[in-house]
Amino acid sequence: MNDDRKTGKQLTTETAPQSAGEQYRALYEKAKQQEELYVSLLNSSSDAIVIYDTDRRIMYINPSHTRIFGWTLEEARGNRLPVVPEWDRAETDIIVERALKHGIPCSAYETQRYTKWGTLVEIGLSASPYYDHQGKLAGVLVIYRDISARKHAETALRLMSKVFREGIDPIIIADLEGIILDVNDAAEHTYGWSREELIGQPFNMAIPTDCHDQVNELQEQCKKGAKIRNVESVRYTRAGRTIPVLMSLSLLTDDKGTPVGIASIAQNLTDLKRTEEQLRDRTKALEQSNQELEQFAYVAAHDLREPLLAVAGYLRMLERRCGKNLDDHGISLLMRALDVTSRMDALIGSLLAYSRLGSETEAFELTDFNLIMSKALDNLRSTIEHLGATVTHQPLPTLMANPSQMVQLLQNLVGNAVKFVRERSPVVSVHALQGEADWVFIVRDNGIGIHQSDLPRIFLPFERVHGRDEFPGTGIGLANCKKIVERHGGRLWVDSTPGEGSTFFFSLPDRPCCAIRSEGNGQ
Ligand code: ADP
């Protein structure tokens, strides 16, 4: 203003007098320049600005309005835009009416407005009435500030404080001197002190004295930036009870990253510890009852064998002494009785072997499975030759295992693989694949296979799927194999297609530094 006046003075003193036309043109130019200045100010604002006339029709919107709400100046000019949500109509009408009729401005009204795309934007609204050169109300200038980011931050903060307040684990927030600033509901509930009682007290209040050093040390580490996660510790309740907890500490910082406090989350382990204890007790009881059962089976089998051997002895004596007095039918009955006693003896022998597997303490040693395979094949040599079977194996690993049980395992699996074949020569292959933490052995045959529905029961003691007349056996072999593999920490399973063959798999843990691949052979 002063400059203008100064300029005016200069004009009257230093320039020649102007004509009325020239004065009008100068004024016009000045007004135009001012208008351009205002428009450029409105255009450079990052807030959305809209100018309404008294009829609430849009006269102007700035580029930020287009950016936030989508409509262009051409689309908006002379129109009303559908930006006001139904629920905000009444309030908006009041604001506009107060501005247009009574010249009362409104500032910082927080609400939502629709965009051209139908989405809602969080905004802060101010409305200022403006006047024409005669001082008459000419319309209202509305500024919308996009406050979505702030609203989202507020929502996130509200949610976080809800998570903090209602979280299941007790949380205590303390300042860097260890004075409690806040606690959540779970902390009140677990420790027994109210929030008011805890705030302002030393953090160690809910920690038994003998754990103070541990917690202080962890807090110091946390202040230096160390991540303290799931450390076992103990807490103390108002009632004097101690609670086992899993503690995690987080360093809290302000906006500039300066440490301001520590949050301590202590997961109550009381129930978990109780469950663990119950589980341990139950496992112990189960192990004991298993041992007793195995012992019982062993004793029963052992005691059954004696009278059985006596019966077999008497039958043989009967055959020797009275055989010539018996007719063919009598001899046949005697032979069948002897056959049954020897089958029962085999069954009892299997039961003894099965129960012995449980009572023996297995000695594990580095075991070369190529040698194990050779021993198993040696034991099966006459059967393999008799059946004309081909058994091959790839190089097998060396693992920690009990060698004699491994011979028994592979001998059973290969023995079955050559046995359960019809109308073709048995072909069996054995190889092993290294997994992430174990080795999987694979025994594949071209035999009769097993129906899907029978698969689960073949691993149970004395369960057989195929007839004894065609394929001899007691049905204990796979039960033994399962027990051996499980006692080694592995698994035994099978995949089979009737008429095409079966593939038995067993896994053994690859204990560190104990699996060394070595050369194998074929047979
Ligand atoms: P056994 O060989 O003495 O009968 P096992 O416990 O070794 O007893 O096997 C149980 C049953 O599983 C067998 O009777 C047989 O029906 C089935 N079986 C086992 N291995 C095979 C195989 N490789 N192919 C087909 N059936 C098999």
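Right, let's walk through the structure included here.

Quick notes on the rules
Here the residue index of a chain counts from 1 through its sequence in written order. Selection of residues for local features in this predicted model requires a pLDDT of at least 70, selection of side-chain atom pairs for listing and counting requires 80 or more, and totals for whole chains, interfaces and linings are taken over all residues. Note that water and hydrogens are dropped before the side-chain values are worked out from all heavy atoms of the structure. Candidates for patches are residues over 30% relative accessible area with no salt bridge; among them, like charges are joined within 9 Å and nonpolar side chains (Val, Leu, Ile, Met, Phe, Trp, Tyr) within 5 Å. Each accessible area value is a Shrake-Rupley result obtained with a 1.4 Å probe; residue values ignore everything except the protein chains displayed when judging cover. Definition used for salt bridges: Asp or Glu carboxyl oxygen within 4 Å of a side-chain nitrogen of Lys or Arg. Each helix is a run of H or I in the DSSP string that is no shorter than four residues. Each strand is a run of E no shorter than two, and both are numbered from the N terminus. Under the convention used throughout, the expected extent of a helix is 1.5 Å for every residue step, that is, one less than its residue count. The contact definition used throughout considers only heavy atoms, calling two residues in contact when any of these lie within 4.5 Å. Angular values range over 0 to 180 degrees, each being the angle between N-to-C directions of two axes fitted as lines to C-alpha atoms, with helices fitted over their stretch in contact. Definitions for this section: a left-handed crossing has its near helix turned counterclockwise from the far helix by less than a right angle. A right-handed crossing has that turn clockwise. Only Asp, Glu, Lys and Arg are considered charged, only Ala, Val, Leu, Ile, Met, Phe, Trp, Tyr, Cys and Pro nonpolar, and every remaining residue, Gly among them, polar. One heavy atom suffices: a residue is near a molecule or strand as soon as one of its heavy atoms comes within 4 Å of it. Polar contact is defined as a pair of N or O atoms within 3.5 Å, subject to the rule that within protein one atom must be able to donate a hydrogen and the other to accept it, and that residues adjacent in sequence are counted only when both atoms are side-chain atoms. For each structure, a 1 Å grid was placed over the protein atoms alone; sets of points admitting a 1.4 Å probe that cannot get out are labelled cavities, open sets with protein on both sides within 12 Å along at least five of seven lines are labelled pockets, and lining residues have an atom within 4 Å of a point. Grid points are joined across faces, edges and corners, and a volume is the space filled by probe spheres set on the points. When the centres of two rings from Phe, Tyr and Trp lie within 6.5 Å, Trp using its six-membered ring, the rings pair. Their planes under 30 degrees apart give stacked, over 60 give edge-to-face, and anything left gives tilted. Exposure classes here rest on a 1.4 Å probe applied to the protein chains alone. A residue is buried below 20% of its type maximum, exposed above 50%, and partly exposed in between. Charge-over-ring contacts are defined here by two conditions on Lys NZ or Arg CZ: a distance within 6 Å of the ring centre and an angle within 35 degrees of the ring normal. Grouping buried Ala, Val, Leu, Ile, Met, Phe, Trp, Tyr and Cys residues that are joined through side-chain atoms within 4.5 Å yields what is termed a nonpolar core. The criterion for strand pairing is that DSSP finds at least two bridges linking the strands in question.

Digging into a nonpolar patch on the surface
- On the surface, a nonpolar cluster with roughly 330 Å² of combined accessible area is contributed by L37, Y38 and L41.
- Relative to the elements of secondary structure, L37 occurs in helix α2 (residues 20-44).

Topic: helix α5 (residues 89-102)
- Taking 1.5 Å as the rise per residue, α5 with 14 residues should run 20 Å; its terminal C-alpha atoms sit 19 Å apart, in good agreement.
- In the core, the buried residues of α5 are packed alongside β1 (48-53), β3 (106-114), β4 (120-131) and β5 (137-146).
- Note on α5: the residue one or two positions beyond its end, G103, has a positive phi of about 65°.

Description of the packing of helix α12 (residues 369-387) against helix α13 (residues 403-419)
- The geometry of α12 relative to α13 is characterised by a closest axis approach of 8 Å and an angle of 35° between their N-to-C directions. Relative to α13, the crossing made by α12 is right-handed. Within the contact between the two elements, α12 uses F369, I372, M373, K375, A376, L377, N379, L380 and L387 and α13 uses P403, M406, V407, L410, Q411, V414, G415, V418 and K419.
- Looking at side-chain class alone, the contact of α12 with α13 contains 13 nonpolar, three polar and two charged residues.

Side note on unusual backbone geometry
- Positive phi outside glycine occurs at A108, with the angle close to 55°.
- Mapped onto the elements of the fold, A108 is located in strand β3.
- In this model, E423 sits at a positive phi of 60°, which is unusual for a non-glycine residue.

A few points about the environment of I143
- Topologically, I143 is positioned in strand β5.
- With 15 residues separating them in the primary sequence, I143 and S128 have C-alpha atoms 8.5 Å apart.

A short note on the site of the ligand
- Among the 20 residues in the neighbourhood of the ligand, the closest are listed as N416, D445, R464, H466 and L478.
- Here an oxygen atom of the ligand and a backbone polar atom of G475 are 2.9 Å apart.
- Within the contact set of the ligand, an oxygen atom lies 3.2 Å away from a backbone nitrogen or oxygen of G477.
- Across the complex, the protein chains shield 98% of the 530 Å² of accessible surface that the ligand would expose by itself.
- Counting only elements with at least two residues in the shell around the ligand, the list comes to α13, α14 (477-487) and β17 (501-509).
- Ranked by the residues each element gives to the shell around the ligand, the list is headed by α13, at three residues.
- In terms of residue class, the shell around the ligand is made up of eight nonpolar, eight polar and four charged.

Some words on the layout of surface pockets
- Roughly 700 Å³ of volume is contained in the largest pocket.
- Broken down by secondary-structure element, the contributors of at least two residues to the lining of the largest pocket are α13, α14 and β17.
- Ranked by residue count, the leading element in the lining of the largest pocket is α13, at seven residues.

Digging into the packing of aromatic side chains
- The full count for this structure, using the stated rule, is six aromatic pairs.
- Judged by centre distance (5.0 Å) and plane angle (50°), the rings of F420 and F471 are tilted. With F420 in the loop between α13 and β14 (427-434) and F471 in the loop between β15 (438-444) and α14, the pair connects residues that are 51 residues apart, well separated along the chain.
- According to the relative accessible area criterion, F471 is buried, its value standing at 3%.
- Geometrically, the ring pair formed by W493 and F505 is stacked, given 5.3 Å between the ring centres and 10° between the ring planes. Here the residue W493 occupies a position in strand β16 (residues 491-497), and F505 occupies one in strand β17, the gap between them amounting to 12 residues.
- A network of ring pairs unites the aromatic residues F369, F441 and F506 as a single cluster.
- Lying over the aromatic face of Y354, K483 brings its terminal NZ or CZ to 3.9 Å of the ring centre.
- Geometry around W493 places R491 over its ring, the cationic atom sitting 4.2 Å from the centre.

Considerations on the nonpolar core
- In this structure, F369, F441 and F506 are the most contacted members of the largest nonpolar core, which totals 40 residues.
- For this core, the leading source of residues is α13, giving eight residues.
- If we ignore the near neighbours within four places in the chain, the residues touching F369 are L396, P397, L399, A401, M406, L410, F441 and L508.
- Among the nonpolar cores identified, the runner-up in size contains 25 residues, and F69, A76, V83 and L100 belong to it.

Structural notes on the sheet that holds strand β12 (residues 390-393)
- As summarised here, the arrangement of the five strands in space is β12-β14-β15-β17-β16, forming an open sheet in which the pairing is mixed. Among the strands making up the open sheet, the edge pair consists of β12 and β16. Averaged over neighbouring strand pairs, the angle between their axes works out to 15° when direction is ignored.
- The pairing of β14 with β15 spans six bridges and is antiparallel. Paired with V430 across the strands is V443, a residue of β15.
- On the sheet, α12 packs against β12, β14, β15 and β17 and is oriented at approximately 180° with respect to β12.
- Running over the sheet, α14 touches β16 and β17 and is turned about 135° from β16.

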